[in-house]
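Coordinates in review
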Amino acid sequence: VMIKTEKVLHLRSSRGRKVRVVREHYLRERVPCSSALCQAECQNEGKVLSADLTHYVVPDAGVVCDFLEVLEFRELQGVVFTQTACQAAQQSRGRSRLYNRLRSLLKDPRHDCILFANEFQQYSFCLREKGESQEKWQTRCIYHSAVWYYNHLAGLRPVVMITEDLEAIAEYSSLNSEVYVISTQVEYLRSFCPDLLAAQELYCSISQAMQERESESTEREFADHLPAEVLEAGIKSGRYIQGTLNVNKHRAQHEAFVRFEGSASKNTELNSDILVCGGKHRNRAVQGDVVAVELLPVKEWQGRNTALTEGLGEDKTGDETQSQPMPTGRVVGILQRNWRDYVVTFPPWEEVQSQSRNSQRILVTPWDYRIPKIRISTQRAKDLQDHRVIVRLDSWESTSLYPNGHTVRVLGKAGELETEVQTILVECCIYAPPFSEAQLKEMPVNSEENPWKVDPSEVNARLDLRDTHLVFSIDPLGCEDVDDTLSVQVLPGGKRLQLGVHIADVTHFVQEGSLTDLEARARATTYYLADRRYDMLPAVLSADLCSLLGGVDRYAMSVLWELDAQSLSVCKVWYGRTIIRSTYQLHYELAQALLNGEQVEVPELAQMEQAERDQRLTELRQALELLTRLARHLRAQRDKGGALELEGVEVRAQLDSDRNITALVPKQPLEVHETVAECMIYANHWVARKIQEHFPHQALLRRHPPPRQEFFNRLIDCAKTRGFSIDTRSNKALADSLDQAADPLDPLVNRLLRMMATQAMSNAQYFSTGACPEEQYYHYGLALDRYTHFTSPIRRYADIIVHRLLMSAISAEKESGPNTHLVPNKELEELAQQINSRNRAAQIAQKQSTELFQCLYFKDKDPVTDERCVADAVVYSIRANGMLVFVPRYGLKGAVYLKNRDGHVLSLKRDGSCVWQPGSLQRYPDKISSTTSIGTHTFNVFDHITVRVSVQSSRCHSDSLCLEVIANRPHQTPQAECHPAPRGRSELVQEVVRLAEEASQQANENGRAPKLTREEREFRQSRKPNLYSLLVEIGELALLDLAACEQISAGSQACTASA
Ligand SMILES: [Zn+2]
């Protein structure tokens, strides 16, 4: 039954005009209530509110529009969003962001909230009365919805409507005894959620920011932004240019660039970025915003600043360009704000008091240099001094020099290890809270009383390899999450071999769309920081049931190749689900020792009789030998195609370690590393072929685009100084010429050249096959036409998607299984981009946390007297007023200056020590000379020099390391040669963690309970430091730049083979 009525809507057009619209409106008796408590057999689909609650909450439209962030706390459950409130959010100012947040909240199954279509419900819909304001009408509608909801659930639970409207509270609160109408903060948050202090504080912070905004001045500081339709038309006509604002972090106040996007039709002559100088022209745009810019007249164009500043190792463009005037413009409007959560530091209290009469309005400084200072209204400025706090931006009016924001939560005191680590996570948008109860409920049980067992129905559905195949794993010693195992055997008759790669069957345990699946998808990867990790999957899977441990039955996804025993060509490939029981859980050194024919103890054989042990040992050794032969063949095939090994053998040859970690990091590069990696690459490649054949438009692959030639210039120039020529015309040529470019006297030369090559590379990327032309599928680094990730589903979500695709392909072939749901191309491409972006965040967080530890390590050492602050460094790049060096002992890179602030240059005394003197610098491509009254001295690329490491402290930003030249000759410490980089680094992390623990212990003992302990505790969700994962996962990361670490370390990343 439907009733037709008319509904009058007052909408606001994008120009801000009010429009009155009359719509036919159909009312129904039955509208789903989406509650598990439903007494009326509603057809509830999708999310339903839990029955397990004390009450339901219905927020008023005003609460949804102004305080949605508070409702985003997962602890607030049983929230009913009415259609009326949602529409109000859709029409409010800044609507697209608010509305998108609301939509994702409603979609996310981890939040216990639903949408109730109250305006279609016959008994809850109210017609707007004559003279009634829109707000009053909305409130009335929502109140009637709350009443309907209560009655519909037969009074099983009280219903609480929360509102900011005092009149509504007066009007409605006494009408119904079980439908409460109360204020959000005072009555609801304080009495219903007293433990959720963070929500109360967020509420206060937002409401204070709102009050302040109302009392703002009207004097204009910036030009108004143009309306959306003017911008749109202007972009179409070519008058304005659309792009993303990128602030130069070294000159954040002055220099920003807009990267040109969109069609080049009108601006074909424009192939560079557009420079935006100064705050007025930036016109309130913030780093990452999509803006429209207007070019200034050519005579006003300016050049970019070319002075050398800190952190100059990162630019890819090769040589700095001359300061030629470049297209310069001003921001005329903002098409999309891309604001995120920012970490800021509160100023010391004295500073607050001295600077402003109104000590509730504080200017806080973001940790990210590119973000402007933010104005916060708070009464807690005194408590928060010198604390790092998360804030969000609310608005930036043309009348204000600074954007307005509000605090969200407190991370802790600046400078403390936990605060700094949490800061890095927030800045990288990494959110990895402990897994929730509801997620853990989905997990299988495996306890002593209740051990997990293989399900008999799975035995029938899977190929059982437990008695037929000798399966083993080779990982670093002590690895707990084993995602890959291998098998190899000669088939009966001797003419064929069978190679097997068996991967943890994660998708058996993680159902698509389950809470665990959604959480893993949101994380996309396991995050490895210097001292800890955040797993993508709960430990019961990652370290237990999915981990292919020795001696236990496990489900696997397998690829089995039948190969010709002579030619090793592929005769047949089988893909599918299996059951395995790994016989040996080997570590690399043990496997290599077996291959070398050394006398070794294999733990699994320790209890056996001599004769049986010998026989088993022979069998295992033969398998390893066969595997090695196969891998050599596969590698040779890829080499022919031009596979690159950039940071290869030499790097690993540098590795050494003390007793604790010798087993993890091999002294010598072991061939068995490459053997395992090669088999994983092979499996990834064959799975890529399979899923791409079946799903040409919706398979997830991984491509590695060839690098841009100009990025190689620095590499080519550097190599030339040592008489090497680097050929970059193809990956094969590059690989060959890098092999040639080795100085027998200084292994660092080749290592640095490979580092530069790495830096020139682009990143490998996931993509959907439907979103990219086939000729771009190529993986440049591995020299394979198709590639994907299949072998690490425990720590990468991409592999989980690929497992599901592979299962769909197999069941489609059999035509037995039901046609499984496939993710459409567009959605898959979006997912691929999300995973790419999470991977970048993971890399940046890893790099920043390594730098944090480096700084903490040096912080308490006196650079003048402490031997550990002096180290050997190699020059690898020349800049206008200094050079870039690499410090092998600590694996760090940085700039050294040859000219200081006073304009003095560094010169050398006869004994090789350095002094600052008036003088000049002369720069050449491969060397730099300083001339003073003492004479002229030249530093060449690849020179070894001695540097002193010290820490440059920063209150609001991260600390950084400072390198200064103290002598122009190599530095030799007694230990320097026997303890190179990795030892330095791991020792460094260990020491920093120990000091931090001691400090916090001491603080506790002294009874100095820090302020804000409760929140601090709440957000310290870190794990025990895990040095093991540091070594395995960071590997050589500190040596490499972010670009392309992974494809080149396919062979060296022991545990993951993450190529
Ligand atoms: Zn119902």
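Note that this is a predicted model, so its numbers are computed, not measured.

A few points about the overall build of the chain
Within the chain, the regular secondary structure consists of 29 helices and 39 strands. Expressed as a percentage of its 1059 residues, the buried residues of the chain come to 54%. Here the analysis covers contacts within the chain between residues at least 6 apart in sequence; of these, 70% occur between residues at least 24 apart. Accessible surface, the chain as shown: approximately 47,300 Å² in total, 48% of it carbon and sulfur.

Points about the pattern of salt bridges
Within the structure shown, the criterion is met by 51 salt bridges. As a salt-bridge pair, Arg-239 and Glu-294 come within 3.0 Å of each other at their nearest N and O atoms. With a gap of 55 residues between them, Arg-239 in the loop between helix H8 (228–237) and strand S8 (240–247) and Glu-294 in strand S11 (residues 290–295) connect regions that are remote in the sequence. Assessed through its relative accessible area of 14%, Glu-294 is described here as buried. Between Arg-337 and Asp-289 there is a salt bridge, with its nearest N and O atoms 2.6 Å apart. Here the residue Arg-337 occupies a position in the loop between strand S14 (329–336) and strand S15 (342–345), and Asp-289 occupies one in the loop between helix H9 (278–282) and S11, the gap between them amounting to 48 residues.

Examining the side chain of Arg-466
With respect to the helices and strands, Arg-466 occurs in the loop between strand S20 (463–464) and strand S21 (471–475). We classify Arg-466 as buried; its relative accessible area is 19%. Among the polar contacts listed, one links the side chain of Arg-466 to the side chain of Asp-464, at a separation of 2.8 Å. Here Asp-553 takes part through its side chain, which lies 2.9 Å from a polar atom of the side chain of Arg-466. Residues contacting Arg-466, with those up to four places away along its chain left out, are Val-454, Val-459, Asp-553, Ile-579, Ile-580 and Arg-581.

Focus: the coordination of the zinc ion
All of the protein donors around the zinc ion are Cys-33 (SG), Cys-38 (SG), Cys-42 (SG) and His-152 (NE2); their distances to the metal are 2.0 to 2.3 Å. Taken together, the four donor atoms surrounding the zinc ion define angles of 99 to 117° at the centre, an arrangement classified as tetrahedral. Sequence positions of the donors to the zinc ion reduce to the motif C-x4-C-x3-C-x109-H. A residue pair is termed long-range when its members are at least 10 positions apart, and Cys-33 in the loop between strand S2 (18–28) and strand S3 (56–59) and His-152 in helix H4 (residues 134–152) qualify at 119 residues. Judged on exposure class, the residue Cys-33 and its partner His-152 are both buried.

With respect to the packing of aromatic side chains
By the definition in use, this model includes 15 aromatic pairs. A centroid spacing of 6.0 Å and a plane angle of 55° characterise the contact between Trp-452 and Phe-509, whose relative ring orientation is tilted. Here Trp-452, found in the loop between helix H12 (437–441) and helix H13 (456–461), pairs with Phe-509, found in helix H14 (residues 506–509); they are 57 residues apart in sequence, far enough to count as distant. Grouping aromatic residues by their ring pairs yields a cluster made of Tyr-56, Phe-116, Trp-148 and Tyr-149. Between the NZ or CZ atom of Lys-280 and the centre of the ring of Phe-222, over which it lies, the distance is 5.3 Å.

Concerning helix H20 (residues 671–694)
Taking 1.5 Å of rise per residue, 24 residues should cover 34 Å, and H20 covers 35 Å from first to last C-alpha, within 8% of that figure. Within H20, 19 of the 24 residues are buried, which leaves the element mostly enclosed by the surrounding structure.

Things to note about the sheet that holds strand S28 (residues 584–587)
On the basis of which strands lie adjacent, the open sheet formed by seven strands has the order S20-S27-S26-S23-S22-S21-S28 and mixed pairing. Both edges of this open sheet fall to S20 and S28, since each of them pairs with a single strand only. The sheet contact formed by strand S23 (residues 496–504) and strand S26 (residues 553–564) spans nine bridges and is antiparallel. Across the sheet, the residue bridging to His-502 is Ser-558, located in S26. Where helix H24 (residues 797–814) meets the sheet, its contacts fall on S23, S26 and strand S27 (570–581), and the angle it forms with S27 comes to roughly 115°.

Describing the packing of helix H15 (residues 515–523) against H24
One way to put it is that H15 packs onto H24 with a least axis distance of 8 Å and a crossing angle of 130°. It follows that H15 is oblique to H24 by the angle criterion. The residues of H24 that touch H15, namely those facing Asp-517, Ala-520 and Arg-521, are Tyr-797, Ile-800 and Arg-804. Each residue belonging to the contact of H15 with H24 can be placed in one class, and the counts come to three nonpolar, no polar and three charged.

Overview of helix H18 (residues 610–641)
If you check H18, its first and last C-alpha atoms are 47 Å apart, about what 32 residues at 1.5 Å a residue would give, namely 46 Å. Just past H18, the residue Gly-642 takes up positive phi, approximately 100°.

A look at the state of the cysteines
Tallied over the entire structure, the rule returns zero disulfides. Residue Cys-962 stays outside any disulfide, its sulfur separated by 9.6 Å from that of Cys-855, the closest cysteine. Overall, Cys-962 belongs to the partly exposed group, its relative accessible area being 30%.

Structural notes on the nonpolar core
Residues Phe-472, Ile-474, Trp-561, Leu-586, Leu-700 and Phe-790 are the most contacted members of the largest nonpolar core, which totals 89 residues. Excluding anything up to four places from it in sequence, Phe-790 contacts Ile-503, Met-557, Val-559, Ala-683, Asn-684, Val-687, Arg-796, Asp-799, Val-802, His-803 and Leu-806.

Describing unusual backbone geometry
For Asn-283, which is not glycine, the phi dihedral falls at a positive 45°. Looking at the element boundaries, Asn-283 is found in the loop between H9 and S11. Owing to a relative accessible area of 2%, Asn-283 belongs among the buried residues under this scheme. Within the chain, Ala-524 stands out as a residue other than glycine whose phi angle is a positive 70°. Tracing the sequence through the fold places Ala-524 in the loop between H15 and strand S24 (527–528).

Description of the packing of helix H1 (residues 61–71) against helix H2 (residues 83–91)
Where H1 contacts H2, the two axes come as close as 8 Å, and the packing angle between them is 50°. As summarised for this structure, H1 and H2 are arranged oblique, according to the angle between their axes. Note that H1 runs across H2; the crossing there is right-handed. Where H1 approaches H2, its residues Ala-61, Val-64 and Cys-65 are matched on the opposing element by Ala-85, Ala-88 and Ala-89. Residues belonging to the contact of H1 with H2 are distributed by class as follows: six nonpolar, no polar and no charged.

Observations regarding the confidence of the model for the chain
Per-residue pLDDT for the chain averages 82, and the proportion of residues at 70 or more is 82%. Between residues 975–984, whose pLDDT stays under 50, and residues either more than four places distant or in other chains, the model counts 20 contacts.

Let's talk about the sheet that holds strand S35 (residues 914–923)
If you walk across this open sheet you meet the four strands as S34-S35-S36-S37, and the pairing is antiparallel. Two strands close off the open sheet at either side, each with one partner strand: strand S34 (904–908) and strand S37 (935–940). Adjacent strand axes in the sheet meet at a mean angle of 50° when their direction is disregarded. As defined by bridge partners, strand S36 (residues 927–932) adjoins S37 across six bridges and the pair is classed as antiparallel. Bridge assignment links Ile-928 to a residue of S37, and that residue is Phe-939.

Side note on the pairing of strand S22 (residues 484–490)
Across the seven residues of S22, five count as buried, placing the element largely inside the fold. Sheet analysis places S21 next to S22, joined by two bridges and oriented antiparallel. Within S22, the position partnered with Val-471 by the bridge is Ser-487. Judged from the seven bridges that link them, S22 and S23 form a sheet pairing that is antiparallel. Bridge pairing in S23 links Asp-484 to Ile-503.

Rules used throughout
- Residues numbered from 1 in each chain as written.
- Predicted model: local features only at pLDDT ≥ 70, side-chain atom pairs only at ≥ 80, totals over all residues.
- Heavy atoms only, no water.
- Helix = DSSP H or I, 4+ residues; strand = E, 2+ residues; numbered from the N terminus.
- Buried < 20%, exposed > 50% of the residue type's maximum accessible area, 1.4 Å probe, protein only.
- Contact = heavy atoms within 4.5 Å.
- Areas by Shrake-Rupley, 256 points an atom, 1.4 Å probe, with all protein chains shown as cover.
- Salt bridge = Lys/Arg side-chain N within 4 Å of Asp/Glu carboxyl O.
- Polar contact = N/O pair within 3.5 Å; in protein donor to acceptor, adjacent residues only side chain to side chain.
- Donors = N, O, S within 2.8 Å, 3.2 Å for Na, K, Ca; no water.
- Tetrahedral: all angles 85-135°; square planar, octahedral: opposite > 155°, others 65-115°.
- Phe/Tyr/Trp six-rings, centres within 6.5 Å; stacked < 30°, edge-to-face > 60°.
- Lys NZ or Arg CZ within 6 Å of the ring centre and 35° of its normal.
- Expected span 1.5 Å × (residues − 1).
- Pairing = 2+ DSSP bridges.
- Axes fitted to C-alpha atoms, helices over the stretch in contact; angles between N-to-C directions.
- Parallel < 35°, antiparallel > 145°, perpendicular 65-115°, else oblique.
- Nonpolar A, V, L, I, M, F, W, Y, C, P; charged D, E, K, R; others polar.
- Disulfide = S-S within 2.5 Å.
- Core = buried A, V, L, I, M, F, W, Y, C linked by side-chain atoms within 4.5 Å.
- Left-handed = near helix turned anticlockwise from the far one by under 90°.
- pLDDT = per-residue confidence, 0-100.

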